[in-house]
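An overview of the molecular structure
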Amino acid sequence: LRHFLTIEGLKRPLLTEIMDRAEQFSSISHRQVKKVPLLRGKTIINLFFENSTRTRSTFELAAKRLSADVMNFNISTSATSKGESLLDTLHNLEAMHTDMFVVRHDQSGAAEFIAQHVAPHVSVINAGDGCHAHPTQAMLDMFTIRRHKQGFANLRVAIIGDLLHSRVARSQIQALATLGVGEIRVIGPQTLLPRDSHTLGVHVYHDMASGLKDVDVIITLRLQLERMQGALLPSAREYFRCYGLTEEKLKYAKPDAIVMHPGPINRGVEIASSVADGPQSVILEQVTHGIAIRMAVMSMALASQSEQAEIE
Ligand code: CP
């Protein structure tokens, strides 16, 4: 695991190992151990070309809890505003003895591009690229599901909303399929579902009553307005009426169904406040688990780098 760019192509034992390791890190923090020295002497740079609250902060906290030196690179005040290219910026940061870049970018494929151009001793973690992938988000979501449901084989999972533009949904579907989940449903208007939905191994629904019937896990998604250039959109009110998760619609699911959302949430658009803050919501738990999952992924990637260096 030198880089962590996408869930696609990863095998079930690796996804399970990430979650098992995150479980160990979670229990460390429960025992009030603030830090472990696993990444002492390592330098990690958060390279965020797109805004973030949860992902950037939890990567930073995860790196600090592993005792790494972590730097948040501020694009808006960097020399990129003077015309410096992405690769020149990257090579200059690399010259500061960087061991890992955590990359978020609005262009699909950006993390992969950077991974192809870094020095052999540097790891790259994808923190979300365009509509393509958000693998650590998917892993923290799988971890949250496993915590509540003990296993995937018998679960029905419904993902609601703007799947077309969602890197989170794409990575979640890949992770759920790899972990052998019972059934994956996607619910939304035709215009917000991927045209290749039928090839993703999911069941497609356009109405909440049948899509949510007897599901164990409900994942709501934000309308990714920033990625919908020129698309014909329903109004927020109309969208909420049809696809917003309310207490009434939640009753279609199993009584012990959990409600998830990767954040940021738009209350009154994809989810009612009473559901987002209600007893079935695990939305803030997802955020908490982001720290342990990112500790797991970063430590595994840098451990594989050290092993490689020893071989060489
Ligand atoms: N879920 C997620 O990626 O949130 P941020 O944009 O705040 O990082």
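Parameters and conventions
Residues numbered from 1 in each chain as written. Predicted model: local features only at pLDDT ≥ 70, side-chain atom pairs only at ≥ 80, totals over all residues. UniProt positions renumbered as here; feature names shortened; annotations may be inferred. Helix = DSSP H or I, 4+ residues; strand = E, 2+ residues; numbered from the N terminus. Contact = placed C-beta atoms within 7 Å. Buried ≥ 20, exposed ≤ 12 C-beta atoms within 10 Å, placed from the backbone. Pairing = 2+ DSSP bridges. Axes fitted to C-alpha atoms, helices over the stretch in contact; angles between N-to-C directions. Expected span 1.5 Å × (residues − 1). Core = buried A, V, L, I, M, F, W, Y, C linked by C-beta atoms within 7 Å. Domains from an automatic or database assignment. Right-handed = clockwise from strand over helix to strand, strands pointing away.

Our focus in this paragraph is the UniProt feature "binding site: L-aspartate" (unreviewed entry) in the chain. The UniProt feature table records "binding site: L-aspartate" (unreviewed entry) at Lys82, Arg167 and Arg222. Of the residues just listed, which span 141 residues, the most distant C-alpha pair is 34.0 Å apart, and they do not cluster in one region. Considering the arrangement of structural elements, one finds lysine 82 in the loop between strand S2 (69–73) and helix H3 (86–94). You can see arginine 167 is positioned in helix H6 (residues 167–178). In this structure, arginine 167 is in contact with Gly128, Asp129, Gly130, Cys131, His132, Ala133 and His134, ignoring residues within four places of it in sequence.

This next bit is on unusual backbone geometry. Keep in mind that most residues, glycine aside, have a negative phi and that most peptide bonds are trans. Cis geometry is found at the peptide bond from glycine 263 to proline 264, where omega equals -5°. Locating proline 264 in the fold gives a position in the loop between strand S9 (258–260) and helix H10 (273–276). Notably, glutamine 150 is not glycine yet its phi reads approximately 45°, a positive angle. Among the secondary structure elements, glutamine 150 is positioned in the loop between helix H5 (135–149) and strand S5 (156–160). When the 9 C-beta atoms within 10 Å are taken as the criterion, glutamine 150 is described as exposed. Notably, aspartate 214 is not glycine yet its phi reads approximately 65°, a positive angle.

With parallel pairing, the five strands of this open sheet are ordered in space as S7-S6-S5-S8-S9. The open sheet terminates on both sides in strands that have one partner only, identified here as strand S7 (203–205) and S9. Neighbour to neighbour, the strand axes of the sheet diverge by 20° on average, direction disregarded. Of the strand pairs in this sheet, S5 and strand S6 (residues 183–187) are connected by five bridges, and their pairing is parallel. Paired with arginine 156 across the strands is glutamate 183, a residue of S6.

Compared with an ideal rise of 1.5 Å per residue, which puts twelve residues at 16 Å, H6 spans 17 Å between its outermost C-alpha atoms and is within 8% of the ideal. Within H6, eleven of the twelve residues are buried, which leaves it mostly tucked inside the rest of the structure. Every buried residue of H6 is listed here: Arg167, Val168, Ala169, Arg170, Ser171, Gln172, Ile173, Gln174, Ala175, Leu176 and Thr178. Downstream of H6 by one or two residues, glycine 180 has phi in the positive range, about 75°.

Before going further, it helps to spend a moment on the nonpolar core. In a soluble, globular protein the nonpolar side chains are often hidden away together inside. Among the nonpolar cores identified, the biggest contains 87 residues, and Val157, Val217, Ile218 and Met298 are the most heavily contacted of them. Residue contributions to this core peak at nine residues, all from helix H11 (residues 283–311). Looking at which domains feed residues into this core, each of domain 1 (12–133 + 287–311) and domain 2 (135–283) supplies at least three. For isoleucine 218, the residues in contact, after removing those within four places along its chain, are Ala158, Ile160, Leu212, Leu245, Ala253, Ala257, Val259 and Met260.

By the criterion of burial, strand S4 (residues 123–129) is predominantly enclosed, with seven of the seven residues buried. As defined by bridge partners, strand S3 (residues 100–105) adjoins S4 across five bridges and the pair is classed as parallel. Each bridged residue has a counterpart across the sheet, and for valine 103 the counterpart in S4 is asparagine 126. Of the crossover connections in this fold, the one passing from S3 over helix H4 (residues 110–117) to the parallel S4 is right-handed.

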